[in-house]
Amino acid sequence: MLHRLSEQTVHRIRWGLAIAWSLLIASLFYDPITAYLTEPTALFSPLRIQPEAMSDLAQCVQVQGVCLPQQPYPLGARIFWAMVVPAGLLIIFVLGHEFWRRICPLSFFSQIPRSLGIQRKLKKVTSTGKTRYELVSIDKKSLLGRNFLYLQFGLLVLGLVFRILFINSDRWALGIFLILTILSAILVGYLYAGKSWCQYFCPMAPVQMIFTGPRGLLGTQAHWGQQKGLTQSICREVDQKTGQEKSACVGCQSPCMDIDAERSYWDRVTQRDRRFIHYGYIGLVFSFYFYFFLYSGNWEYYYSGAWTHETNQLATVFSPGFYLGAQPIPIPKLIAVPLTFTLFVGASYGVFSLAEQAYRNHLKRQGRNLDNDQILHRVFTVCTFGVWNLFWVFGSRPTLALLPGWVERGFTGFIVLVSGLWFYQTFWRTSEQYSREGLANTLRRQLDKQGFDVAKFLNRSNEELKPDEVYVLAKVLPNINQNQKLEVYKGVVQGALKNGIVSSAESALLHELQTGLDISKNEHYSILASLGIEDPSLFDQTKQVSLENQLRLDSYQQSLESLVQDLVGSGTPVREALEYKRDRILRLKRQYRIAEEENEQIFNTVFGQTGGVLKKAEALLHQFQGMVVRYSTLQIKPTDPEAPVYTLLSIAIADRQKFILHRLLSLVEILEDSPEALMLAQQIHAVAHPILPIILHSEDEDGERSWQSQLAPPVFDLLNAQSQGASPDLPTTSLSSVLGAILHEDLEPLVRALSLYGLHLVDQPTASRAAAELLETSQPLLLQEVAQRIVNPVQRDSLTEQSISLTTLDKLFCLSESQFFNQLSLSTLIDVAISCQSRRYDQGDVICQMGDRSQEVLIIFDGEADVQISRSDGSTQIINTVAKGETIGELGVLTKTPRSATVIAATDPTTVLVLNAQRLESLLKRSPALAIGLLAIISKRLQRLTKIAESR
């Protein structure tokens, strides 16, 4: 809710709270003022000690049967324990963690070393031999990185033990304890980068985690926000030159609660440490307050607040720690306190573990299947609801009891209200909802990029739409063509991949979006293949960048730009500007823990666009050369290069070559007519001159611009020049090795399935092993189908009489040789193959009868069929014999007229593919090439019918 407060405003709040806290600590050592408010003579003060409570045994506060001495006392301890601590928890629960993290004094103190530039640095030697110093961060795989929640919870328990034993009412002990805590935060800030104190050491972090859940009652949703790079309580600072806020994130923890609390919650909800802390914390809270009763023998000791000013607290450490049945138990308080906490935490963990199992059994009996994370989330929500209300049965009551009754009742009602609202908001929340909203936000941004303004159709802007409304809008938005849908979908997929490995929930949402945008599975995989070419790191787990690391790099880039922009803007050469700011840049690199490779990449992006472009071009040229080798091998090595499998594979590889060339030409366009552009154009011409003319003179998707109009004339002329020499020698490689490489490296299931099929033709043992390995894991249906056919070949005599078991590739090969379908793109052609059913007929069987309703298009897969018509004298005449790959009935389907002829199987057997009418109409709308093929068929049939009529 309050994460949008400007950093200047929050900075002033932090300073105010830090000063107030410092004054409170100082008052613990010297306070000549507030003690007056507790004097029996201060009749106006609700905090005054009642005279009768000092002497009357019936009205005094008793501890183990003895009246507790009462005398005027400074209020510092009471203010801290009974007001400040409960107020902090109320802020966390209601306003969300983000506001608290931004104003927390301890977080503020922990950043003092960073502000002074005195953080610890480690010396590192790079692979190139260079020495650099960088700030130290905690490795998430280290002992601390894996067990920090246990450490924080342990420190919390230890702090509560110390509180009861030493510092509850001893003002000097409390003051020293708070000072040591501040010094600890500062020390951690010196030793480690970022908010390591908050993330790994602060004892209040587990409490904050429990009371926040996925988010606070009024907390924001980072994944649904518009302010990119500045979410929730992420580290930020103000650029002194521009006055704009910018991220100061150094990626000290991943996933980070300060960047996206709900993402962090769902990522960790099933971890054992969270389960232990959620279940054990209830026991800890109850045991803390219940110990006041166990120690004193009554509740008045706690609710009176006498424990905040008990004299000589340190002297009670070795006194009896329990007072039960009016009898002291001879267990020292030093042992009794940790023993009580341990027993209740253990019991609480056990009870709620049993409750969790009971809930699982209940769901099982009802036949309801919930994910493990959803079950734990609901149990955690109940735990938080319970412990929140349990805390406020005790928290602040010593102070509230001094106020009028209506105030206490009103506050109690407020606590119940906010906890009920939070429970309603949280209990039914799911990780799928979170994923859906995050993906919807990415979709919304893609719609913005495409220039769609919903204000034309609705009374709201894109930013005001709810997630479900964004999905509906994407499906029904008018004036959006298929290419734009593909671009929108590609952007959504790219955004999902950049945020990390796509979860099962996001995969389901992407599938839903595919259906809504009318995008086929094969178009989806084609998009993945193109993304793999544009940015291979998206699919390389070793190079994937977490959201936290991306923000760290973005923060460094922003700081770098701000550092030198004035010098560069005034005309100073970039190199001189960087040298002038060298020391400051080194400090930035240490602050953000920037490696040399990262630094080079960012420098290219910020100051050397040419260098960055050439680096991308180098990677694309390398990919292109690999595609050339594969294409050449497919053209030369097979014994039958015209076989459908090699033809289709060659088409797929050629499409990849064209895609890469378009990307390379886009990079050349950025470089304009610079020497680098000419050099890159020469490199492109050297490796791609056979197909360059086709690419250079082709129009864009809108049929308007060609590369001739986009590239600088000298560059275009160089690219368009005739080749002066022989093509460079290509590395020699075997067909089986090329097919194997495609199978294991490609992202598109169709291309992988074709390569596996081709491999089976040339190297059956290798193909069988590869197929068996593929079947051990989940694979796309098309690839799985081919692998199963290789491992378990189907015998022809096992086929039924009326149907035949054809793989999708079998159908694809047939369609690729059909005059009607062979102009379609591979992604569309495979969709048709998937849609087709197969039927088997014996010689003489009627495939379709004249006069029947035209509901299907038939494609001859194997054998032949005779097309015959009835004459006026009752006889029949065969007007055509339809062979493999030819179609029957497409005109009747389109014109919605009955069959104009009878088709009879002419061979034994005759196999046909069947495509329903609705699918054909959909294909015609999406594919102009199919319409052209249909016109060619109509023309030939008209010519044939004309000849028949003339021969009569």
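Conventions adopted
For every chain, the first residue of its written sequence is number 1, and the numbers climb from 1 along that sequence. Under the rules for a predicted model, residues below a pLDDT of 70 receive no local features and side-chain atom pairs below 80 are neither given nor counted, while totals for whole chains, interfaces and linings still include all residues. Hydrogens and water are ignored here; the side-chain numbers use all heavy atoms of the structure. Numbering goes from the N terminus for both helices and strands, where a helix is a DSSP run of H or I of at least four residues and a strand is a run of E of at least two. Buried, partly exposed and exposed residues are distinguished by accessible area as a fraction of the type maximum, computed with a 1.4 Å probe on protein chains only: under 20%, between the cut-offs, and over 50%, respectively. Contacts: residue pairs with any heavy atoms within 4.5 Å of one another. By definition, two strands form a pair when at least two bridges between them are found by DSSP. An axis is simply a line fitted to the C-alpha atoms; with a helix, the fit covers only the stretch in contact. Between two such axes, the angle follows the N-to-C directions and lies from 0 to 180 degrees. For this analysis, a nonpolar core means a set of buried residues of the types Ala, Val, Leu, Ile, Met, Phe, Trp, Tyr and Cys, connected via side-chain atoms within 4.5 Å. Patch membership requires over 30% relative accessible area and the absence of a salt bridge. Like charges are linked within 9 Å, and nonpolar side chains (Val, Leu, Ile, Met, Phe, Trp, Tyr) within 5 Å. To be clear on the numbers: accessible area is Shrake-Rupley with a 1.4 Å probe, and residue cover counts the displayed protein chains and nothing else. Basic side-chain nitrogens of Lys or Arg form a salt bridge, by our definition, when they fall within 4 Å of a carboxyl oxygen of Asp or Glu. Helix span, as expected, comes to 1.5 Å for every residue beyond the first. Pairs were defined over the aromatic rings of Phe, Tyr and Trp, the Trp ring being its six-membered one, requiring ring centres within 6.5 Å. Orientation was assigned from the angle between planes: stacked under 30 degrees, edge-to-face over 60, tilted for the rest. By definition, being over a ring means that NZ of Lys or CZ of Arg is both within 6 Å of the ring centre and within 35 degrees of the ring normal. Two cysteine sulfurs form a disulfide in these notes if their separation is within 2.5 Å. Polar contact is defined as a pair of N or O atoms within 3.5 Å, subject to the rule that within protein one atom must be able to donate a hydrogen and the other to accept it, and that residues adjacent in sequence are counted only when both atoms are side-chain atoms. Throughout this description, any angle smaller than 35 degrees is read as roughly parallel, any larger than 145 degrees as roughly antiparallel, any in the 65 to 115 degree range as roughly perpendicular, and the remainder as oblique. Residue classes follow a fixed rule: Ala, Val, Leu, Ile, Met, Phe, Trp, Tyr, Cys and Pro count as nonpolar, while Asp, Glu, Lys and Arg count as charged, and any other residue, Gly among them, counts as polar. Two helices crossing with the near one rotated counterclockwise from the far one by less than a right angle form a left-handed crossing, whereas a clockwise rotation gives a right-handed crossing.

(A) Region of interest: the overall build of the protein. Assigned secondary structure in the protein consists of 41 helices and 16 strands. Looking at the protein residue by residue over its 952 residues, the buried ones come to 49%. Contacts spanning at least 24 positions in sequence make up 74% of the contacts within the protein whose residues lie at least 6 apart.

(B) Quick peek at the sheet that holds strand β12 (residues 865–870). With antiparallel pairing, the four strands of this open sheet are ordered in space as β10-β15-β12-β13. The sheet is open, and its two edges are formed by β10 (846–848) and β13 (876–882), each paired on a single side. Geometrically, the sheet is characterised by an average inter-axis angle of 35 degrees between neighbouring strands, direction not taken into account. As defined by bridge partners, β12 adjoins β13 across six bridges and the pair is classed as antiparallel. Counted as the bridge partner of Gln868 is Ile878 from β13.

(C) How the structure looks around the environment of Ile742. Position of Ile742 among the secondary structure elements: in helix α33 (residues 735–745). Under the relative-accessibility criterion, Ile742 is labelled buried at 0%. A C-alpha to C-alpha distance of 8.6 Å links Ile742 and Arg630, two positions 112 residues apart in sequence. With near-sequence residues (within four places) excluded, Ile742 lies in contact with Arg630, Ile653, Val751, Arg752 and Ser755.

(D) Structural context of the nonpolar core. Counting 91 residues, the largest nonpolar core has Trp21, Phe211 and Tyr281 as its most contacted members. At 13 residues, the largest contribution of residues to this core is made by helix α12 (residues 272–296). Residues within four places of Phe211 in sequence aside, it is in contact with Leu89, Ile92, Phe93, Tyr281, Thr384, Val387, Trp388 and Trp422.

(E) Quick look at a nonpolar patch on the surface. A surface patch of nonpolar side chains, amounting to about 450 Å² of accessible area, comprises Ile112, Leu116, Ile118, Leu187 and Tyr190. Of all the secondary-structure elements, those providing two or more residues to the nonpolar patch are α6 (112–116) and α8 (171–191). Relative to the helices and strands, Leu187 resides in helix α8.

(F) Structural view of helix α15 (residues 372–394). Taking 1.5 Å as the rise per residue, α15 with 23 residues should run 33 Å; its terminal C-alpha atoms sit 33 Å apart, in good agreement. Of all 23 residues that make up α15, 17 are buried, and the element is covered over most of its length. Ser396 lies just past α15 and shows a positive phi near 70 degrees.

(G) Just the pattern of salt bridges, in detail. Throughout the structure, instances matching the rule amount to 17 salt bridges. Ionic pairing is found between Arg236 and Glu245, a salt bridge with its closest N-O pair at 3.5 Å. Arg236 gets classed as buried once you look at its relative accessible area, which sits at 7%. Residue classification places Glu245 among the partly exposed positions, given a relative accessible area of 22%. Arg630 is the salt-bridge partner of Glu745, the closest N and O atoms lying 2.6 Å from each other. With Glu745 in helix α33 and Arg630 in helix α27 (residues 609–636), the pair connects residues that are 115 residues apart, well separated along the chain. We classify Glu745 as exposed; its relative accessible area is 54%.

(H) Structural context of helix α34 (residues 749–762). Spanning 14 residues, α34 covers 20 Å between terminal C-alpha atoms, matching the ideal 20 Å at 1.5 Å per step. For α34, the full list of buried residues reads Pro749, Leu750, Val751, Arg752, Ala753, Leu754, Ser755, Leu756, Gly758 and Leu759.

(I) Structural view of the packing of aromatic side chains. According to the stated counting rule, one finds 51 aromatic pairs in the structure shown. Here the aromatic rings of Tyr279 and Tyr349 are separated by 6.2 Å at their centres, their planes lie at 45 degrees, and the arrangement is tilted. Note that Tyr279 is positioned in helix α12 and Tyr349 in helix α14 (residues 333–365), a separation of 70 residues in sequence. Their ring planes at 40 degrees and their centres at 6.2 Å tell us that Phe290 and Trp299 sit as a pair that is tilted. For Trp299, a relative accessible area of 29% corresponds to the partly exposed category. One Lys or Arg, Arg120, reaches over the ring of Tyr192 and ends 5.3 Å from the middle of that ring.

(J) The arrangement of the state of the cysteines in detail. Under the counting rule described, the total for this entry stands at one disulfide. A sulfur-sulfur distance of 1.8 Å marks the disulfide that ties Cys60 to Cys67. Torsion about the S-S bond of the Cys60 and Cys67 cystine: about -65 degrees, corresponding to left-handed handedness. Owing to a relative accessible area of 7%, Cys60 belongs among the buried residues under this scheme. Summary of cysteine pairing: Cys104 is not part of a disulfide, and the nearest cysteine sulfur, belonging to Cys198, is at 6.0 Å. You can see Cys202 has no disulfide; the closest cysteine sulfur is in Cys104, sitting 6.1 Å from it.

(K) Just the side chain of Gln64, in detail. Position of Gln64 among the secondary structure elements: in the loop between β1 (62–63) and β2 (66–67). Residue classification places Gln64 among the buried residues on the basis of a relative accessible area of 18%. Setting aside chain neighbours within four positions, we find Gln64 in contact with Tyr295, Ser296, Pro320, Phe322, Tyr323 and Pro328.

(L) Here's a closer look at the pairing of strand β8 (residues 327–332). The pairing of strand β7 (residues 320–324) with β8 spans four bridges and is antiparallel. Looking at the pairing, Leu324 lines up with Gln327 of β8. With antiparallel pairing between neighbouring strands as the criterion, β7 and β8 make up a hairpin whose turn holds two residues, including Gly325 at a positive phi of roughly 60 degrees.

(M) Fine view of unusual backbone geometry. Across the junction of Ser254 and Pro255, the peptide omega takes the value -5 degrees, indicating a cis bond. With an omega of 0 degrees, the peptide bond between Asp908 and Pro909 qualifies as cis. Tracing the backbone through its elements, the reader meets Pro909 in the loop between β15 (902–905) and β16 (910–916). A positive phi angle, near 70 degrees, is found at Ser396, a position not held by glycine. Checked against the element boundaries, Ser396 lands in the loop between α15 and α16 (397–400). You will see that Glu672, though not glycine, has its phi angle at about 60 degrees, which is positive.

(N) Molecular detail of the environment of Thr910. Within the secondary structure layout, Thr910 lies in strand β16. Thr910 sits 71 residues away from Arg839 along the chain, and the two C-alpha atoms are 8.4 Å apart. Those residues in contact with Thr910 that sit more than four places away from it in its chain are Arg839, Arg840, Tyr841, Ile847, Asp862, Glu864 and Ala905. One polar contact links Thr910 to Thr907, side chain to side chain, over a distance of 2.8 Å.

(O) Summary view of the packing of α34 against helix α37 (residues 808–816). The interhelical angle for the contact between α34 and α37, taken along N-to-C directions, is 95 degrees, at an axis separation of 11 Å. By the criterion of interaxial angle, the relationship of α34 to α37 is roughly perpendicular. Counting all contacts with α34, which are made through Leu750, Ala753, Leu754 and Tyr757, the residues of α37 involved are Leu809, Leu812 and Phe813. Partitioned by chemical class, the residues of the contact of α34 with α37 number seven nonpolar, no polar and no charged.

(P) Structural context of the packing of helix α22 (residues 521–534) against helix α38 (residues 826–835). Orientation of α22 relative to α38, taken along the N-to-C sense of each, is 150 degrees, at an axis distance of 8 Å. One element, α22, and the other, α38, form an angle in the roughly antiparallel class. As for the relative orientation of α22 and α38, their crossing is right-handed in sense. Contact residues: Asn522, Glu523 and Ser526 in α22; Ser827, Ile830, Asp831 and Ile834 in α38. Split into classes, the residues belonging to the contact of α22 with α38 amount to two nonpolar, three polar and two charged.

(Q) Region of interest: the sheet that holds strand β14 (residues 887–888). Spatially, β9-β16-β11-β14 is the arrangement adopted by the four strands of the open sheet, whose pairing is antiparallel. This sheet does not close on itself; its edge strands, each paired only once, are β9 (837–841) and β14. Across two bridges, strand β11 (residues 856–862) lies against β14 in antiparallel orientation. Bridging from a neighbouring strand, Leu858 pairs with Ile888 of β14. Seen against the sheet, α37 touches β11 and β16 and runs at an angle of roughly 100 degrees to β11. Where helix α40 (residues 917–926) meets the sheet, it contacts β11 and β16, and its direction lies at approximately 65 degrees from that of β16.

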